[in-house]
Amino acid sequence: MSQTVADPAGAPVSLEQRFQDWIDAERKIEPRDWMPDAYRRTLIRQISQHAHSEIIGMQPEGNWITRAPSLRRKVALIAKVQDEAGHGLYLYSAAETLGASRDDMVADLLTGKAKYSSIFNYATPTWADIGAIGWLVDGAAICNQVPLCRTSYGPYARAMVRVCKEESFHQRQGYEIMMVLAQGTPEQKQMAQDALNRWWFPSLLMFGPPDDQSPNSAQSMKWKIKRHSNDELRQRFVDMTVPQAEFLGLTIPDPDLKWNDERGHYDFGDLPWEEFYAVLKGHGPCNRQRMAFRNKTFSDGAWVREAAAAYAGKQKARQAAAVQAA
Amino acid sequence: MSKVNWPLWEVFVRGKAGLSHKHVGSVHAADAEMAIANARDLYTRRSEGVSLWVVPASAIVASDPADKDSLFEPADDKVYRHPTFYDIPDEVGHM
Ligand SMILES: [Fe+2]
Ligand SMILES: [Fe+2]
Ligand SMILES: [Fe+2]
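Report on the accompanying structure. Note that the coordinates shown come from a computational prediction; the quantities given were computed from them, not determined experimentally.

**Points about a nonpolar patch on the surface**
- Residues Val79, Tyr80, Phe85, Tyr86, Ile88, Val92 and Met95 of chain B make up a contiguous nonpolar surface patch of about 740 Å² in total accessible area.
- Residue placement: Val79 of chain B occurs in the segment after helix H2 (68-72).

What follows is the structure, given as structure tokens:
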């Protein structure tokens, strides 16, 4: 692949080199610009996985819409779940600018060929889980996503700007739920503590494997798709979240968690990586349920898609006939 | 799996009266009416707009990035098209 172009001084330079120089200068790549195949493939994989996560991510919370404890909580939860659908669609739209087909991406999710974030394979048995998800899961997502607003691929960066604007509401409504429970009856406070106990480690796992076991990270950093390492973002999340838990009067379920004056960060204990890889392989508490539900919803909606397409076809034919008659 | 290839529509939103429509992304829809409905649900959930355009993505004609230099470079050396090219004494005041 030694396609070359001329640099400003007239010397030959490879397309790869010119691409990298462009990125090093903090400039953006747009859909029809030349890009290495691997850059395109990496982005399609990352963006579509992100989209699938948003779509599957509606399920654990959707579970509580009909049982939200008040109308105020219910409208907020409906709006949040609708936003997650929107995030999925912004992202599919961005992936399509790279030549990915929407139908293929949807098919890959439904057949299980494509991955989505493991966090959505955990159950939401109590109302406090809705608080914990907003506070911790959306909080971790924000840590991951804010740097993506500056990612090198223009349409992805722009989609992430929209997503990030909406995520802040998600986290605040979750924290408010936790606050009310933590200041409530002893049983309510215990419910909040129990949710924190169950969601803490899975939230830390959301940042992905440790840096020394994350083989594709270096290339993604070089292409400025990714801007911070997994461990860096995880640390940032811990540092932000510990004081928030203290404010609630809840205890983070990690005996090794403590402030390290020297590092200026919180130290924390070993993470349950066996669990991470088990859930990733499909053995989490709800993997099967999530996939079955997504597939059922998709087939239940088939007649709507077919009817709309048939109606559009008929209208088009009618218009064409009218034009011919005139 | 049933595939119904609803076409792709590019979406443009006018933020408020006085601004032009701006590209925000795309939606799939069976027809134009549904494209407007989908664009409204997806891109204006928080009063981001007062008007929508949807355009079949296949109808957009774009310049080729490979032609970037021949199309846009000729403008780079035409400094005389900019006001700063002209020397006007300070005494004249703001112009
Ligand atoms: Fe989201
Ligand atoms: Fe997200
Ligand atoms: Fe969210």
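**Here we look at the packing of aromatic side chains**
Residues and elements named next belong to chain A.
- For the structure shown, the criterion picks out 15 aromatic pairs over all chains.
- Between Trp200 and Phe237, the aromatic rings sit 6.1 Å apart at their centres with planes inclined by 25°, giving stacked as the arrangement. Separated by 37 residues along the polypeptide, Trp200 in helix H8 (residues 186-205) and Phe237 in helix H10 (residues 230-248) bring together distant segments of the chain. Of the two residues, Trp200 and Phe237, neither departs from the other in class, the shared state being buried.
- Measuring from centroid to centroid gives 5.0 Å for Trp259 and Tyr266, while their planes differ by 75°, and the two rings are edge-to-face.
- Take Trp259: its relative accessible area is 43%, and that puts it in the partly exposed class.
- One aromatic cluster in this structure is built from Phe19, Trp34, Tyr39 and Trp223.
- Note that Arg67 overlies the ring of Trp64, its terminal NZ or CZ placed 4.0 Å from the centroid.

**A short note on the coordination of the iron ion (ligand 1)**
Residues and elements named next belong to chain A.
- Protein-derived ligands of the iron ion (ligand 1) are Glu54 (OE), Glu84 (OE), His87 (ND1) and Glu167 (OE), with the metal-ligand distances lying across 2.0 to 2.4 Å.
- Geometry at the iron ion (ligand 1) is irregular, judged from the four donor atoms that bind it and their angles of 84 to 150° at the metal.
- The sequence pattern formed by the donor residues of the iron ion (ligand 1) is E-x29-E-x2-H-x79-E.
- A distance of 3.2 Å spans the gap from the iron ion (ligand 1) to the iron ion (ligand 2), which Glu54 bridges by coordinating each metal. Of this pair, His87 sits in helix H4 (residues 71-96) while Glu167 sits in helix H7 (residues 154-182); the two residues are 80 residues apart in sequence, bridging distant segments of the chain.
- Judged by relative accessible area, which is 0%, His87 ranks as buried.
- In this structure Glu167 comes out as buried when scored by relative accessible area, which is 1%.

**What to know about H8 of chain A**
All names here are of chain A.
- With 20 residues, H8 should reach 28 Å at 1.5 Å per residue; the first-to-last C-alpha distance of 30 Å fits that figure.
- Along its length, H8 reaches its greatest deviation from straightness, about 35°, at Trp199, and the proline Pro202 lies no more than four positions downstream.
- Looking only at H8, the buried set comprises Ala192, Gln193, Ala195, Leu196, Trp199, Trp200, Phe201, Pro202, Ser203, Leu204 and Leu205.

**Regarding H7 of chain A**
- Between its terminal C-alpha atoms H7 of chain A stretches 42 Å, which fits the 42 Å expected from 29 residues at 1.5 Å a residue.
- Along its length, H7 of chain A shows its largest kink, about 25°, at Glu166 of chain A.

**A short note on the interface of chain A and chain B**
- Between chain A and chain B, the contact holds 27 residues from the first and 25 residues from the second.
- Together, the buried faces of chain A and chain B total about 2100 Å²; carbon and sulfur atoms form 53% of this surface.
- The largest contributions to the chain A side of the interface with chain B come from Arg32, Asp103 and Arg162 of chain A, which together make up 27% of the buried area.
- Counting across the chain A and chain B interface gives five salt bridges.
- Salt-bridge contacts for Glu166 of chain A lead to Arg46 of chain B; the nearest nitrogen and oxygen are separated by 3.3 Å.
- At the junction of chain A and chain B, the tally comes to 11 residue pairs in polar contact (both at pLDDT 80 or more).
- Taken together, the elements giving at least two residues each to the side of chain A that touches chain B come down to H4, helix H5 (102-111), H7 and helix H13 (302-325) of chain A.
- Here the side of chain A that touches chain B gets eight residues from one element, more than from any other, and that element is H13 of chain A.
- Considering only residue class, the side of chain A that touches chain B consists of 13 nonpolar, three polar and 11 charged.

**Overview of the coordination of the iron ion (ligand 3)**
All names here are of chain A.
- Only Glu84 (OE), Asp138 (OD), Glu167 (OE) and His170 (ND1) from the protein coordinate the iron ion (ligand 3), and they sit 1.9 to 2.2 Å from it.
- If you look at the iron ion (ligand 3), its four donor atoms make angles of 84 to 169° with each other, and the shape they trace is irregular.
- Here the donor residues for the iron ion (ligand 3) map to a single chain with the spacing E-x53-D-x28-E-x2-H.
- Here the iron ion (ligand 3) and the iron ion (ligand 1) are spaced 3.4 Å apart, with Glu84 acting as a shared donor. Taken as a pair, Glu167 and His170 lie in helix H7 at a separation of three residues, close to a single helical turn.

Procedures and definitions
Residues numbered from 1 in each chain as written. Chains lettered and ligands numbered in written order. Predicted model: local features only at pLDDT ≥ 70, side-chain atom pairs only at ≥ 80, totals over all residues. Heavy atoms only, no water. Patch = residues over 30% accessible without salt bridge, like charges linked within 9 Å, V, L, I, M, F, W, Y side chains within 5 Å. Areas by Shrake-Rupley, 256 points an atom, 1.4 Å probe, with all protein chains shown as cover. Salt bridge = Lys/Arg side-chain N within 4 Å of Asp/Glu carboxyl O. Helix = DSSP H or I, 4+ residues; strand = E, 2+ residues; numbered from the N terminus. Phe/Tyr/Trp six-rings, centres within 6.5 Å; stacked < 30°, edge-to-face > 60°. Buried < 20%, exposed > 50% of the residue type's maximum accessible area, 1.4 Å probe, protein only. Lys NZ or Arg CZ within 6 Å of the ring centre and 35° of its normal. Donors = N, O, S within 2.8 Å, 3.2 Å for Na, K, Ca; no water. Tetrahedral: all angles 85-135°; square planar, octahedral: opposite > 155°, others 65-115°. Expected span 1.5 Å × (residues − 1). Bend = angle between axes of the 7 residues up to and from the residue. Contact = heavy atoms within 4.5 Å. Buried area = accessible area lost by both parts, 1.4 Å probe. Polar contact = N/O pair within 3.5 Å; in protein donor to acceptor, adjacent residues only side chain to side chain. Nonpolar A, V, L, I, M, F, W, Y, C, P; charged D, E, K, R; others polar.

In short, the description is geometric, and any link to function would need to be established separately.
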